[in-house]
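The lines below spell out each chain.
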Amino acid sequence: MYLSDRDLRFALESGQLIVAPPPAEIDTTSIDLHLDKIEEAKVWDVIAFEEQQREAGAPPFLGVGKFNHKAFAKKFAVPVPPEEQAGPDAKVYRDGTRVIVKSGGFFLWQTRESVGTPEIDPRLICFIDGKSTRARTGLVVHMTAPTIHAGWWGQVTLEIGNLGPFTLALCEGDAIAQIVVAAISSPPLKKKKAQGIAIGQRNVAGGKETEQK
Amino acid sequence: MPRHKTLVALPCKLSPGAFSGERVIDIKLANGQIYTSVAPRHFCWNASGKLVGEREPSTEVDGMVAARVTDEIDENQVAVEIPDGEVIAVDRGLVSDRPTPITPPSRLISSM
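Residues numbered from 1 in each chain as written. Chains lettered and ligands numbered in written order. Predicted model: local features only at pLDDT ≥ 70, side-chain atom pairs only at ≥ 80, totals over all residues. Heavy atoms only, no water.

1. Description of the overall build of chain A
Then comes step 1: Counting secondary structure elements, chain A contains four helices and 13 strands.
Then comes step 2: The buried share among the 213 residues of chain A stands at 44%.
Then comes step 3: Within chain A, counting contacts between residues at least 6 apart in sequence, those at least 24 apart form 71% of the total.
Then comes step 4: Put simply, chain A shows about 11700 Å² of open surface, and 54% of that area lies on carbon and sulfur atoms. (Helix = DSSP H or I, 4+ residues; strand = E, 2+ residues; numbered from the N terminus. Buried < 20%, exposed > 50% of the residue type's maximum accessible area, 1.4 Å probe, protein only. Contact = heavy atoms within 4.5 Å. Areas by Shrake-Rupley, 256 points an atom, 1.4 Å probe, with all protein chains shown as cover.)

2. Examining the nonpolar core
Then comes step 1: Grouped together as the largest cluster of nonpolar side chains are 35 residues, with contacts concentrated most on A:Leu17 and A:Phe107.
Then comes step 2: Of the residues forming this core, the biggest block, four residues, is contributed by strand β13 (residues 175-183) of chain A.
Then comes step 3: Excluding residues that lie within four positions of it along the chain, A:Phe107 makes contacts with A:Ala41, A:Lys42, A:Val43, A:Val80, A:Val92, A:Val99, A:Val101, A:Leu158, A:Glu159, A:Ile160 and A:Leu170.
Then comes step 4: One finds B:Val8, B:Leu14, B:Ala39 and B:Ile88 within the second-largest nonpolar core, a separate group that totals 20 residues. (Core = buried A, V, L, I, M, F, W, Y, C linked by side-chain atoms within 4.5 Å.)

3. Quick word on the confidence of the model for chain A
Then comes step 1: For chain A, the average pLDDT comes to 86, and 88% of its residues sit at 70 or higher.
Then comes step 2: Segment residues 200-213 of chain A: pLDDT under 50, and 36 contacts once partners within four positions in sequence are set aside and those in other chains are kept. (pLDDT = per-residue confidence, 0-100.)

4. Looking at the packing of aromatic side chains
Then comes step 1: If you walk through the whole model with that rule in mind, you get eight aromatic pairs over all chains.
Then comes step 2: Taking 5.6 Å as the distance between ring centres and 90° as the angle between the ring planes, the aromatic pair formed by A:Phe49 and A:Phe76 counts as edge-to-face. Within this pair, whereas A:Phe49 is found in helix α2 (residues 46-55), its partner A:Phe76 is found in helix α3 (residues 69-76), the two being separated by 27 residues in sequence. Across the pair, exposure class does not vary: A:Phe49 and A:Phe76 are buried alike.
Then comes step 3: With 5.0 Å between their ring centres and 85° between their planes, A:Trp152 and B:Phe43 make a pair best called edge-to-face. Of this pair, A:Trp152 sits in the loop between β10 (147-148) and β11 (153-162) while B:Phe43 sits in the loop between β3 (34-40) and β4 (44-46), on two different chains.
Then comes step 4: For A:Trp152, a relative accessible area of 3% corresponds to the buried category.
Then comes step 5: What makes B:Phe43 buried here is its relative accessible area of 0%.
Then comes step 6: What links up through ring pairs into an aromatic cluster is the set A:Trp44, A:Phe49, A:Phe72 and A:Phe76.
Then comes step 7: Above the ring of B:Phe19, the side-chain terminus of A:Lys42 is found at 5.1 Å from the ring centroid.
Then comes step 8: Sitting above the plane of the A:Trp152 ring, B:Arg68 keeps its charged end 3.9 Å from the centroid. (Phe/Tyr/Trp six-rings, centres within 6.5 Å; stacked < 30°, edge-to-face > 60°. Lys NZ or Arg CZ within 6 Å of the ring centre and 35° of its normal.)

5. A look at unusual backbone geometry
Then comes step 1: With an omega of 0°, the peptide bond running from A:Ala20 to A:Pro21 counts as cis.
Then comes step 2: If you trace the backbone, A:Pro21 turns up in the loop between β1 (18-20) and β2 (31-34).
Then comes step 3: The residue after B:Glu56, namely B:Pro57, is reached through a cis peptide bond having omega -5°.
Then comes step 4: Looking at where B:Pro57 falls in the secondary structure, it is placed in the loop between β4 and β5 (61-72).
Then comes step 5: Of note in the backbone geometry, A:Asp121 takes a positive phi value of approximately 55° without being a glycine.

6. Considering the side chain of B:Asp74
Residues and elements named next belong to chain B.
Then comes step 1: Relative to the helices and strands, Asp-74 is located in the loop between β5 and β6 (77-81).
Then comes step 2: Although buried, Asp-74 forms no salt bridge, and the nearest oppositely charged side chain, Arg-92, lies 5.6 Å from it.
Then comes step 3: Of the polar contacts made by the side chain of Asp-74, one reaches the backbone nitrogen of Asn-76; its length is 2.7 Å.
Then comes step 4: Of the polar contacts made by the side chain of Asp-74, one reaches the backbone nitrogen of Gln-77; its length is 2.8 Å. (Lys, Arg positive; Asp, Glu negative; His and termini not counted. Salt bridge = Lys/Arg side-chain N within 4 Å of Asp/Glu carboxyl O. Polar contact = N/O pair within 3.5 Å; in protein donor to acceptor, adjacent residues only side chain to side chain.)

7. Some details on the pairing of strand β8 (residues 124-130) of chain A
Residues and elements named next belong to chain A.
Then comes step 1: For β8, the buried fraction is high: five of the seven residues fall into the buried class.
Then comes step 2: When β8 meets β13, the two strands line up antiparallel, connected through seven bridges. Within β13, the position partnered with Cys-126 by the bridge is Val-181.
Then comes step 3: Inspection of the sheet shows β8 paired to β10 by two bridges, in the antiparallel sense. Following the sheet pairing, Phe-127 is matched in β10 by Thr-147. (Pairing = 2+ DSSP bridges.)

8. Description of helix α1 (residues 5-14) of chain A
Residue and element names in this part refer to chain A.
Then comes step 1: Inspection of α1 places Leu-8, Ala-11 and Leu-12 among the buried residues, and these make up the whole buried set. An end-on view of α1 places all buried positions within 100° of arc, on one side of the element. Exposed residues on α1 whose side chains face more than 90 degrees from its buried face are Arg-6 and Phe-10.
Then comes step 2: Of the surrounding elements, those touching the buried residues of α1 are β1, β2, β8 and β13. (Arc of directions from axis to C-beta.)

9. Thoughts on the pattern of salt bridges
Then comes step 1: Considering all chains together, one arrives at 10 salt bridges over all chains under this definition.
Then comes step 2: Across the pair A:Arg112 and A:Glu113 runs a salt bridge, and its minimum N-O distance is 3.8 Å.
Then comes step 3: The exposure class of A:Arg112 is partly exposed, given its relative accessible area of 37%.
Then comes step 4: Between B:Glu72 and B:Arg92 there is a salt bridge, with its nearest N and O atoms 2.7 Å apart. Taken together, the residues B:Glu72 in strand β5 and B:Arg92 in the segment after β7 (87-91) connect sequence positions 20 residues apart.
Then comes step 5: Relative accessible area serves as the criterion here: at 41%, B:Glu72 is assigned to the partly exposed category.
Then comes step 6: Here the salt bridges do not stand alone but share partners, grouping A:Glu119, B:Arg68, B:Glu81 and B:Arg98 into one network.

Listed below in structure tokens is the structure:
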């Protein structure tokens, strides 16, 4: 069951829903999320990645199943470069306080708000969504992993793409995403080992190790 | 291991994340493998037991990450949920009390 504006307000007031800084307004069934400081807009340094692959004698593509957060955060996630530093083929660059996204461009930008639910006795789950009016421009936001797991909260990293024909401009503070919130039917058991998908087990029935995800 | 508590901390390696609000965590699993993921900054402590600051760490360091015990696997292992939502199996001896409580942000809401 999705929460209406009155239930969202009650959830915020009771601490069952965390949105910080607090929202200035609540829509009928959602709360807007805003883009954080422009320094938090990041692009992947594809050229650096391909150079590394070449030097290692590896093919120039990324094995998604072996995606390494640490290596990528450290080496390849870089601030969106100013226009004069971006290459001629760059589809994402910074123009003063705006991030310009050409058709086909993709980048990451953290939300200003920390969003989620408290660790103790969470009863709600949040989903990130785009905003329909913005979507018509071809802007896609957070398409793949929209769930904020119950019991955790934090700033959300938006995966932003421009699938439309226009060149788009985005600024700090723009409301380009929203959360909708649903009640969970009962507290999660989280006994994944019973389903054999907990990571790193060594002494479970059968003595079979579960491979790292 | 703390008794009667589900809110715990796990030792980990902490590294800067791609964003100011996240940190990369390396956790040793019960099978000896290393699990790497990201966690919100406010769920991470430095080696001194303080929640990490906005520009901390600048390189890989020892630290701790928040977790919740979800299941007792056997006498040696427990299953814990970590901030990316995954449940992992770790050695029981790694699980400890949290150095400090983690307090959710203020419940106040703007005048609407």
